[in-house]
Amino acid sequence: MSKRKTHTIKDIALCFGERTGYFVTPRQIRVRGNWLFYKPDDLEDYEIAEKKCIDCYFAPDAQYDSGVLSMEAYTGVKLKESPFVKDNNETVAKSLKKLDKSYKEFLEDIGRDGLSDSGLDNLNLLIRQGVK
């Protein structure tokens with residue numbers, strides 16, 4: 001019987017940084033649901049308030065196999081919709097639901113024949129999770 005390998009947030013930050021080319025510290029990332037949220041340090045005040053400045057990476061196994069992390073953000077969310085805001089669980093849950101639905105629709109629009117093996121795996125995972 002194999003044990004699930006658990007990575008710390010420090011491990012995930014290092015792996016994520018290696019894949020993106022960014023210098024990433026653990027305080028710049030949050031992992032929730034299927035998603036890794038990345039907050040760059042160099043954001044201006046107006047970006048934090050107005051723009052979707054928190055990058056969202058589909059990373060369903062980031063908690064225990066950070067080797068799957070994507071190098072490209074799928075989309076972004078506003079800071080107030082992210083897990084970087086304290087006591088924000090209800091809003092983050094809504095963000096996660098929207099992200100999952102949007103990403104599933106994106107993969108379906110490409111079509112099974114146009115997806116790579118990892119894209120097919122992602123689509124099948126979202127279907128198994130019951131994402132509508």
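Conventions adopted
- Along every chain, residues carry numbers that run from 1 in the direction the sequence is written.
- Since the coordinates come from a predicted model, pLDDT governs what is reported: local features require at least 70, and pairs of side-chain atoms require 80 or more to be given and counted, while whole-chain, interface and lining totals use all residues.
- Hydrogen atoms and water are omitted, and side-chain values are computed over all heavy atoms in the structure.
- A run of DSSP states H or I qualifies as a helix once it reaches four residues; a run of E qualifies as a strand once it reaches two. Both are numbered from the N-terminal end.
- By definition, residues are in contact when any of their heavy atoms lie within 4.5 Å.
- Any pair of nitrogen or oxygen atoms within 3.5 Å is treated as a polar contact; in protein, a donor-acceptor pairing is required on top of that, and neighbouring residues in sequence qualify only through side-chain atoms on both sides.

### Looking at the environment of Asp100
Item 1. Residue placement: Asp100 occurs in helix H3 (residues 89-110).
Item 2. Between the C-alpha atom of Asp100 and that of Gly33, which follows or precedes it by 67 residues, the distance is 9.2 Å.
Item 3. Those residues within four positions of Asp100 in sequence are excluded, and the remaining contacts are Asn34, Trp35, Phe58, Leu126 and Val131.
Item 4. Side-chain polar atoms of Asp100 contact the side chain of Asn34, separated by 3.2 Å.

### A short note on the side chain of Lys104
Item 1. Positionally, Lys104 belongs in helix H3.
Item 2. Leave out the neighbours within four places in its chain, and Lys104 touches Leu123, Leu126, Ile127, Val131 and Lys132.

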